[in-house]
Amino acid sequence: DFCVYIVPSCCSIPLLCKVDEIRTVVYIWEVPFMGSVALVQSEQDAPDLTSFSTVDTTEIKFGLFPPRSIAAPEVTASSVKLTWDPGLDTRRIDGYRVYWDTDSGFDTPYAFDSDGNGSGQVTFNGTEATISGLSAGTTYYFTVTSLSTYMDPSTGTPTEYESVVYPTQVSGDPSFMYPIEVQATTTGGSCTPTAEVTGLTVKNVQGGVELCWDPVTDPCLVGYRVLEAGSPVADTEFTPYADTGVETCWSGDPSGGFFLVNSRGTGGEGPWGHYGK
């Protein structure tokens, strides 16, 4: 629920003029006995929270809500372990399905899942799962859905239903955010950071100099490389002096007076930014 404002170019004193009001209403209902979920999203300009007559999205599925949170606490060169919070209502949950891909499920459908293309790669243990057979040094995106089986009392035929798949969070009340999609990068292989180190500072300390920089957020990051030069020349003229871990400060006594710090991965160094001296 928000308003749209503009600043008229003809105003000598900037004024905010309201031009529109936007209200979108999203409802999610759960029917506990059947384990069904209905999602309804109103049109963009709903008159209020209850009397809108046009919907933009309607999705009705049998199955419980998906897990409330997902984490990837362990990774190897070929596997990722996932853990999740199944939510408060677990009475109808009979199992889970894991989806994964090398790009987000928000962009394209997941290429792999534990029951289809990728079956046999996932080992479940309650609210944990280990996905094996992955490529080294590769970033993957995962999400988990809940499964429930309903037995038709008139026919005795079991039918499996699945919770709604949410590949990305929806903003709003944090208590009602579903999926969630989690990202993890396997170890090993060739993985090169794409993030540039920024905020490099240099100061004199006893025994040499101390360099500090802003931390880099990059799934390929394994550490940093400190480079030096006698003058502010091209980046190719800087000489590697020391490799660090993921800490963002380093002290030493190099001979050069100009410094670069690059992000470092198993496949090489990231782009270089401004030098310090």
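Residues numbered from 1 in each chain as written. Predicted model: local features only at pLDDT ≥ 70, side-chain atom pairs only at ≥ 80, totals over all residues. Heavy atoms only, no water.

1. Considering the overall build of the chain
Across its full length, the chain carries zero helices and 21 strands. Expressed as a percentage of the 277 residues in the chain, the buried residues total 39%. The long-range share in the chain, meaning contacts at least 24 apart out of those at least 6 apart in sequence, stands at 56%. Surface accessibility of the chain: about 15300 Å² in total, with carbon and sulfur atoms responsible for 52%. (Helix = DSSP H or I, 4+ residues; strand = E, 2+ residues; numbered from the N terminus. Buried < 20%, exposed > 50% of the residue type's maximum accessible area, 1.4 Å probe, protein only. Contact = heavy atoms within 4.5 Å. Areas by Shrake-Rupley, 256 points an atom, 1.4 Å probe, with all protein chains shown as cover.)

2. Overview of the sheet that holds strand β21 (residues 268-269)
The strand order across the open sheet built from four strands is β18-β17-β20-β21, with neighbouring strands paired in antiparallel fashion. Whereas interior strands pair on both sides, the edge strands pair on one side only; in this sheet they are β18 (239-244) and β21. Looking at chain direction, strand β17 (residues 223-229) and β18 are connected through five bridges and run antiparallel. Residue pairing across strands places V226 opposite A242, the latter belonging to β18. (Pairing = 2+ DSSP bridges.)

3. Looking at the pattern of salt bridges
Note on pairing: side chains with opposite charge can pair once their charged atoms come close. Under the counting rule described, the total for this entry stands at 10 salt bridges. Among the salt bridges present, the one from K81 reaches E74, with a minimum N-O distance of 3.7 Å. In this structure, E128 engages K81 in a salt bridge whose closest nitrogen and oxygen atoms are separated by 3.5 Å. With E128 in strand β11 (residues 128-131) and K81 in strand β7 (residues 80-85), the pair connects residues that are 47 residues apart, well separated along the chain. (Salt bridge = Lys/Arg side-chain N within 4 Å of Asp/Glu carboxyl O.)

4. Some remarks on the state of the cysteines
Here the structure, examined in full by the defined rule, presents two disulfides. Sulfur-sulfur distance for the disulfide between C191 and C220 comes to 1.8 Å. On the sign convention where negative is left-handed, the bridge of C191 and C220, at about -60 degrees about the S-S bond, is left-handed. In this pair, C191 sits in the loop between β14 (182-185) and β15 (201-205) while C220 sits in the loop between β16 (208-212) and β17, placing the two residues 29 residues apart along the sequence. The class for C191 is buried, based on a relative accessible area of 8%. (Disulfide = S-S within 2.5 Å.)

5. Some thoughts on the sheet that holds β16
Strand order across the open sheet formed by three strands is β15-β16-β19, with antiparallel pairing between neighbours. Every other strand in the sheet has two partners, leaving β15 and β19 (249-252) as the edge strands with one partner each. Going across the sheet, the axis of each strand differs from the next one's by a mean of 20 degrees, ignoring polarity. Across five bridges, the pairing between β15 and β16 is antiparallel. From the neighbouring strand, K203 faces β16, where its bridge partner is E210. (Axes fitted to C-alpha atoms, helices over the stretch in contact; angles between N-to-C directions.)

6. What about the packing of aromatic side chains?
On inspection of all chains with the given rule, the structure shows six aromatic pairs. Ring plane angle 80 degrees and centroid distance 5.6 Å describe the contact between Y241 and W250, whose orientation is recorded as edge-to-face. Note on Y241: relative accessible area 37%, which makes it partly exposed. You can call W250 buried: its relative accessible area is 13%. (Phe/Tyr/Trp six-rings, centres within 6.5 Å; stacked < 30°, edge-to-face > 60°.)

7. What to know about the nonpolar core
One finds L82, V98, W100, I131 and F142 to be the most contacted residues of the largest nonpolar core, which totals 18 residues. Elements with a contribution of two residues or more to this core: β7, β8 (95-101), β11, β12 (139-151) and β14. Not counting residues up to four positions away in its chain, the partners in contact with L82 are A71, A72, P73, V98, T127, E128, A129, I131, F142, V144 and V182. One finds L200, V216, Y224 and V261 within the second-largest nonpolar core, a separate group that totals 14 residues. (Core = buried A, V, L, I, M, F, W, Y, C linked by side-chain atoms within 4.5 Å.)

8. A short note on the pairing of strand β6 (residues 69-75)
Relative to β7, β6 is paired through five bridges, and the arrangement is antiparallel. The residue bridging E74 from the neighbouring strand is K81, located in β7.

9. Remarks on the environment of A77
Within the secondary structure layout, A77 lies in the loop between β6 and β7. Note on A77: relative accessible area 32%, which makes it partly exposed. In contact with A77, not counting residues within four places along its chain, are L134, S135, A136, T186 and T187.

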